[in-house]
Structures are given as C-alpha cells and as structure tokens.
Amino acid sequence: MAPSGSRSRSTRPMRSSRTKVHTYHEESSSQDESIGLPGSRRASLSLRSRSTTRMPKSYREDSTDASFHGDAEDQESEALIATPVDAPNPDAGSVPTCPPKLRGPRRTATTSKPRRPKRSKPSGQVGRVLHKRAKTDGDDPLFLGSGVIPPWQTLPYHILLDIFLRASHPLLDESRSARNDSVNARCTLLLSPLLPAYKSHVLLSLLARPQESLSMNYSSKIKQLHVEVEPVLIYKSGPYGYFDLAQLIENTPLLHTLRLYHKDDYTVGIPPWHIVQSKWTYPDVLFSALENHGITLRSWDWNSRFLEPDALVEMMVKTHPQRAFRGLRELKLLHFDHTNEETSAAKEAGLLEALKMLTDLQRLDFIESSLVCGEILTNLPNTLRSLTLNNCDRLCSSDLTAYMSLHGTNLRELSLSHNRHLNMSFIQNLAQYCENLEIFKMDLSMHDASSYHDVEPHFEDLLVQTEIPTWPEKLQEIELIQLRKWDDATAEVFFTSLVNAAPKLRDLRRLVISAILKIGWRDRATFRERWIGLLEKTFLRRSMPPDPNLRSLQKRSLKPTTLIARDGPNDLCSEVDDPRPSTADSGRSTSSKRQSTRLAHQKFNENDDAASGPSSVGTPQPRAGKIQGMCDIVNIRIDNQRPTELQFNENDFLDDELSGDEDWDGNDGDL
C-alpha cells in the first residue's frame, strides 16, 4: 500500500516497486470489483484518496498482498459452496451462485491510487462455520433389536397400560410445571397433562363435541384430572380466555381422581409465615358441578394455599357429606398449621368431624401440617391402610405409639419423613401393634427454607440401647434414611435385631438403610465392614444370573459364559461349567465337588461372622445361620457425613468417556 504523494513527512523511504503499480478497474458493476483477476496482483485495491492526517496501519510486502488476495478468493469460493443453489439466502447479498464473467477490456490505471481489496461476505449468518464436520456415529454403540415383536394388537388393556406407564414415568414434572419427553407415549392411553395451559382448552373442545361422531367416546375414557392451579385456572390462555374447570368436569362422567395442586407444594420446609395464599380459591361452582353430574371421587386434595385454614375446615365439614365426597378412599391435607391454642382447638375438632364422615377412607397424607398431634392421630378412622406424616412439627414418638396401639392392625403402609420431634422409640412395638405392615419408610433429613436453616432434629436420642426394634413379619420394603443421633452400641442393637429377624421376614424384597455414626474413623470403618457384609449376606438374593446372550438389545454376539445354579432358597450358588461334548462328564463332577466345598466354607464364614465383632454387656449378638436371601435390593450406607438435601457419590463425578477396556474378556492372552 503506497502512501499518498502529499505525505512528504513520512520517515519511511519510498520503494520504486510501489510507485509503478498497474491496476485494472472495470467500469461496470461493483460486483466485478470484488473478484480478483488472474495475472493482476492488485486488481481490486481501493482508488479513493487517503487522508493526509491518517497514518497507514501497515505496509504490506508483495508476498503478503498475494496471500491476502488468495485468502479472499478462498473465503468467497467457500461461501459459494456452502450456500445451496435451490435455497437462496437473504443474507448472501452480493455473493453470486456461479463465478461472474469478465466484461470489457482491461484498462491500465496510470493515475489512480491503489485500492484495498473488498472481502466478500460469506453467505448465511455472520460467524457461522462454513465447513462443519459431519457427526459420525462411529463412537456410538450400535444396538440391534432382538427381532421379537410382541402381538401388540392382542395384548389386554391392563398390560398395555402397565407397559406405557413404566416406559414414560413420570409424565409431568410438577415441581417445574414442565412436560417430559415421554408424553407422546402416554397420549395413546389418554393420559395427557394439561400443560401448557392451552392444552386444557383443546381437551375441553374435544370433549364438548358429539362423542358419537368421533372414533371413540373420549368422555368415558378420562378418569383422572391433575390440574396445576396457577397457570391453568388463574390466567388467560391467549385467545382461549379463562379455562372453565366446571365445564370440563361436566364432560367427564367417570372421573374419580381430581388433584388441584400448586408447584411450590414440592418445596419442603417452607415455614407457615412464608406460604403465600394463591389468588385462586375453591369456587362453589366446582362442587355444584361434581354433585349435579353424579361424580363420585376416590381421591382428593385439600390445600390451605387456596383457602384460609379456618374457612377450609368449615368447607370440609360442609362438602364431605355430599355424594361426590362420601366415597373418598384417598385424601391429602396440605399446610394445616397450628397457629394458637384457641383457634387450633376448633380446627382440630372440625377436622376430626370431617374425617369421620369418610367411612371408606383408606389412605391419609398429612403434608407440612403442624396441626397433627396425638389427639388427632388417636381419633383417626379405623379404616386407614396407609398413613403418611410429612414434616409435621408437633408429632412425637409417644403420639405415634398411641395411634398404633389403637389403629395399627389395619395399617399396611407407614411413611414418616422430616418430622423434627419424632425419634424411633415407637419401633420397639412395631411388630406387636402393626402386624400386617408391608411398607415402612422413615426419613430423618430435615428441611428448613427459612433464614434459620435449622436442619437438626429436636430429639435427644434416636434410640436408647434398651429399646430393641421389632419387625412385622409381612414387611416387603424397609427404607430408613439419615438415621442419626445414636452411638455405635445402639446401632449394634438395631442391626442385630434386623439380622435375627431375617428368617421371619420372608416377604422382604427391598432393604435401604442410611446411617450416620460420629465415632472414630477406624471404629467406623470396622463397623461398616462388618455390618454391610453381614446384612448383604443375610438378605441379598442369590439367584441364577440371567443369560447374557438373551437380551432385547444386542450389541454383538457374546461367548457362552459360566452359569450359576442353585438348588434351594438357602443353598449356596454352585458353578456349572459350560457344557461341551468333550468335557461334559468332568464338568458335572467338578460342579458337585465345588458345591460341597463352598457349602462348607459358607457355614464356616457364617459362624465366624456371628462370633466376630465387638460385644458389649447386654447387647444381643446376631445368631448364626440367619439367611433370608430374598431381597432384590440391599443398599446399606454407614458414614459420618452431615446430611444435606442432595447427596453425591462417585458416579456423579465420573466422565462420560469410555475407558477403552470394554472388549477385555478377563484374559491377558500371552501374559
């Protein structure tokens, strides 16, 4: 780039090669100016005059100019390739779809100043990658179907329903008010959520049409409605306007479950003074629609977010005698709080009166209800088979013991979570009072969304050493999370009672225990090594592993592997060699010998485990030979970590990349 002739003050000497520059300038369109011509090194340099006060940014040598010119041509050619001919791009402006033809003779500009080449804009969005490497599927595993197609047309409805429910659960993330990707799979079974809000209007429009003109009677298919109040019932949905829930109920004659919920109900630990009342309240037209159209509900939720608790209790007393509510089997009560002694006494009496009207009630859930106390529990209906107490601040162990002594016989499920004053003293009478209990869950993690952040339980001890737990024989599932505020001696009593009860727990299929022990790390490691191994040996199922060659998704053919066989529920697993013509007899003989040897080792290890470990005065020891072996899941965790709302493990920190040893069969070849 030659400086202007008026720049006599320039300190750089002029080169002779820069004073005699031959340029070619077309007098036609400006498109031709942007195309470099072969044989012309500076064909498209700018001819406009330079300012005398502006210093040049750089001085380019011949080789630099040539490379810059070549780069401009390369970018332009790439832009032409990246833009399809049959799909014009509005941003492509001056970029032609084919190289332009030269028009007119070349003229030599003797008096013109050199001009800078113009860069042609690439087609498409600025900054877009012109040549994006195509994604290859070489790294992705190739899964092939097994070729077995079930007879979908002939499967019964209840089997299809179970398949779709398991394949697409959960349908809706109610805490985020978001539909999951599996919604389309369940729409075939008329299980579609009413989110976004316009979906509810579309559903109502479908049900309002004459059902005889449709392929099926949709009105008779809908049996459950789960409605989030805030987005569906409060605000307008574009041109559709407000949604009329009563009109939807009129078009669902077989409705038996109606849930009206708020997404903030899934945030545990909100103090009562931070719970904001919703703008929506229970309307009278809703109950009139239920009553006038002969709908009998089985499941219903009462939420004090939608009506002040005192008025809500009065509404419960008024509506429960109606035909729509008399047959309720499942009832959930949310945010029934204890404010003061005077008003709480009236609410307790009204609540008990409303519950006594439900003669068929089988499931009752109290969610974040500080109103729950011993007086309410002891007066609950005798028909309850499932009781859930979640974050009830006034509940203590003596209240629960009194309830179990009166109504525990019919109880099948007991779920206790985040109750700050509830320890496990009641468990010493669990087998006596709840002999038919099948599911027992207890979560001692505490939540507090207030500024106090109090996540500690408000009891002194989880158990004392003299309180020996008892376990109902019909238990199918035990889940105990964040057991804490006990010492190692009490924990020994707890785990010992579980091992000793193993032969009677023939129906137990799931055992999950998470315990916190604040003792020395060596003692805790010894405790963990002993009890986790003993509990797994006692309860974990020892069944024949599945044949790896039998799978619905096949990646590649697998070699025959060694199988494990067992003779009885308490027998040891015996190894069976791969049957081959040349070694069939020797394989069966070796299997028999191995089985006898392992049985002997098994009995020796059981006696050794029973006799090992620290013992204390008055502490029961696990008896030998207590093998249940029927649990599909045995998950025991013993540590000293402070409980948090979200627990991480090593799987949360693993990379997604494969290790590269997936094809290793366990043999090192020549080594």
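Refer to the structure above for everything that follows.
Residues numbered from 1 in each chain as written. Predicted model: local features only at pLDDT ≥ 70, side-chain atom pairs only at ≥ 80, totals over all residues. Heavy atoms only, no water.

A. Up close: the overall build of the chain. A count of helices and strands for the chain gives 17 helices and 19 strands. Within the span of the chain, comprising 671 residues, buried residues form 39% of the whole. In the chain, 75% of the contacts between residues at least 6 apart in sequence involve partners at least 24 apart. With the model as given, the accessible surface of the chain reaches about 39200 Å², and the carbon-plus-sulfur share is 51%. (Helix = DSSP H or I, 4+ residues; strand = E, 2+ residues; numbered from the N terminus. Buried < 20%, exposed > 50% of the residue type's maximum accessible area, 1.4 Å probe, protein only. Contact = heavy atoms within 4.5 Å. Areas by Shrake-Rupley, 256 points an atom, 1.4 Å probe, with all protein chains shown as cover.)

B. Up close: the pairing of strand 10 (residues 363–367). The buried fraction of strand 10 amounts to four of the five residues, a majority that puts the element mostly inside the structure. As paired strands, strand 9 (residues 330–334) and strand 10 are joined by five bridges and run parallel to one another. Among the inter-strand pairings, Leu-333 is bridged to a residue of strand 10, identified as Phe-366. (Pairing = 2+ DSSP bridges.)

C. Just the side chain of Thr-388, in detail. Checked against the element boundaries, Thr-388 lands in strand 11 (residues 386–390). Each residue touching Thr-388, except ones within four places of it in the same chain, is listed here: Arg-363, Leu-364, Asp-365, Phe-366 and Ser-415.

D. Main features of the pattern of salt bridges. Within this structure, the stated rule accounts for 14 salt bridges. A salt bridge links Arg-420 to Asp-393; its shortest N-O distance comes to 3.9 Å. With Arg-420 in the loop between strand 12 (413–417) and helix 14 (430–433) and Asp-393 in the loop between strand 11 and helix 13 (397–407), the pair connects residues that are 27 residues apart, well separated along the chain. Residue Asp-393 is classed as partly exposed on the basis of its relative accessible area of 34%. Across the salt bridge formed by Glu-492 and Arg-530, the nearest N and O atoms sit 3.4 Å from each other. Of the two residues, Glu-492 is situated in helix 15 (residues 488–500) and Arg-530 in helix 16 (residues 521–539); the sequence distance between them amounts to 38 residues. Within the structure, one salt-bridge network assembled from shared partners comprises Lys-441, Glu-477, Glu-479 and Arg-510. (Salt bridge = Lys/Arg side-chain N within 4 Å of Asp/Glu carboxyl O.)

E. Main features of the pairing of strand 14 (residues 477–483). Of all seven residues in strand 14, seven are buried; the element is thus mostly enclosed. In this sheet, strand 14 lies alongside strand 13 (residues 439–443) in parallel orientation, the contact comprising five bridges. Each bridged residue has a counterpart across the sheet, and for Lys-441 the counterpart in strand 14 is Glu-479. Pairing between strand 14 and strand 15 (residues 510–516): five bridges, direction parallel.

F. Structural detail: a positive patch on the surface. On the surface, Lys-221, Lys-223, Arg-298 and Arg-329 cluster together to form a positively charged patch. With respect to the helices and strands, Arg-298 occurs in the loop between helix 8 (284–292) and strand 8 (299–303). (Patch = residues over 30% accessible without salt bridge, like charges linked within 9 Å, V, L, I, M, F, W, Y side chains within 5 Å. Lys, Arg positive; Asp, Glu negative; His and termini not counted. Charge placed at Lys NZ, Arg CZ, Asp CG, Glu CD.)

G. Up close: a nonpolar patch on the surface. Taken together, the side chains of Ile-149, Trp-152, Ile-159 and Ile-163 define a hydrophobic patch exposed on the protein surface, amounting to about 380 Å² of accessible area. Position of Ile-163 relative to the elements: it lies in helix 3 (residues 157–168). According to the relative accessible area criterion, Ile-163 is partly exposed, its value standing at 32%.

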